[in-house]
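# Inside the fold
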Amino acid sequence: MPTNDASERALQERVRGGDEAAFDTVFRDNYAHMVRMAESIIRERALAEEIAQDVMLELWRRRESIEVEQSFRAYLLRSTRNRALNHVRHQRIVMREATIAAAAADSASAQSAEDEMLGTELEGAVHEAIASLPERAREVFQLSRDQGLKYSEIAALLDISVKTVEKRMGQALAELRDRLAQWMPVRRD
């Protein structure tokens, strides 16, 4: 890896310009460090390698617009760390949902057929309402609700401002309220 600022910037420009040899250099110089970073967080080698590969693939995909303020190594390690932490958060959510689902399954056997049918209809309505959201609003909503990311994390991940995340989330929630109004309890003020 180049050690001085000028050669680092030159390498960044070459990658930005689509130079595959420069990208290969970045990959070879950083991949093992990225795998170690991810593995230190998720404790699973194969998954750590997958995360490192995903980060490198994202670098290549976004090469023309990506802004690397420091070195590639610092940028890639930070990206790998964030992706590994997101994976851990997602796994916690999946485990929590599995626990809730198991508890719900136990109590579901006691539900009446009508309650079960209404629950299925509501779940279908929720999935349909989420699927019908505008793409950008849906993406922000799912990153927040499904993956448990904070607005600042979503902003960094999507390369947008926190205000834009707030606006898209507000749009998503307003549309979901409208689409699911029939399922909402009537408020008596």
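For the structure itself, consult the block above.
Here's a quick rundown of the structure. Residue positions are given per chain, counted from 1 along the sequence in the order it is written. Selection of residues for local features in this predicted model requires a pLDDT of at least 70, selection of side-chain atom pairs for listing and counting requires 80 or more, and totals for whole chains, interfaces and linings are taken over all residues. Note: side-chain values were computed over all heavy atoms of the structure, leaving out hydrogens and water.

### Topic: the environment of Q171
Tracing the backbone through its elements, the reader meets Q171 in helix α8 (residues 162-179). The cut-offs for exposure are 20% and 50% of the maximum accessible area for each residue type, with area from a 1.4 Å probe on protein chains only; residues under the lower value are buried, those over the upper are exposed, and the others partly exposed. You can call Q171 partly exposed: its relative accessible area is 35%. For the pair formed by Q171 and F141, sequence separation is 30 residues and the distance between their alpha carbons is 9.4 Å. Other than its neighbours up to four places away in sequence, Q171 contacts P134 and A137. Helix and strand assignments come from DSSP, with helices taken as H or I runs of at least 4 residues and strands as E runs of at least 2, each series counted from the N terminus. Contacts are residue-level and defined by heavy atoms, with any inter-residue pair within 4.5 Å sufficient.

### Concerning the environment of S40
Of note, S40 is situated in helix α2 (residues 20-42). Throughout this description, a polar contact denotes any pair of N or O atoms lying within 3.5 Å of each other; where both atoms belong to protein, one of them has to be capable of donating a hydrogen while the other can accept it, and for residues adjacent in sequence the pair is counted only when both atoms sit in side chains. In terms of polar contacts, S40 uses its side chain to reach the backbone carbonyl oxygen of M37, at 2.7 Å.

### Points about the packing of aromatic side chains
Geometry of an aromatic ring pair is reported as the spacing of the ring centres plus the angle between the planes. Two rings from Phe, Tyr or Trp (for Trp, the six-membered ring) form a pair when their centres sit within 6.5 Å of each other. Planes less than 30 degrees apart are called stacked, planes more than 60 degrees apart edge-to-face, and all others tilted. With the rule as written, the count across this model stands at 2 aromatic pairs. Summarising the aromatic geometry, the rings of F23 and W60 are spaced 5.0 Å apart at their centres and angled 55° between planes, so their arrangement reads as tilted. One end of the pair, F23, is in helix α2; the other, W60, is in helix α3 (residues 45-61), and 37 residues separate them in sequence. Over the face of the ring belonging to W60 we find R63, whose NZ or CZ atom lies 3.9 Å from the ring centre. Only Lys NZ and Arg CZ are tested; either one counts as a charge over a ring when it is within 6 Å of the ring centre and within 35 degrees of the ring normal.

### Things to note about the side chain of Q12
Along the polypeptide, Q12 turns up in helix α1 (residues 5-16). For Q12, the residues in contact, after removing those within four places along its chain, are V68, Q70, S71 and F72.

### Some words on the nonpolar core
Among buried residues, those of type Ala, Val, Leu, Ile, Met, Phe, Trp, Tyr and Cys that are joined through side-chain atoms within 4.5 Å constitute a nonpolar core. Ranked by size, the top nonpolar core spans 23 residues in total, and within it V26, M56, L59, F72 and L76 carry the most contacts. Where this core is concerned, the elements lending two or more residues are α1, α2, α3 and α4 (72-108). Among the elements that take part in this core, α2 stands out by supplying 8 residues, more than any other. In contact with L59, other than residues within four places in its own chain, are F23, V26, I66, F72, Y75 and L76. Grouped together as the second largest cluster of nonpolar side chains are 16 residues, I130, A137, F141 and I154 included.

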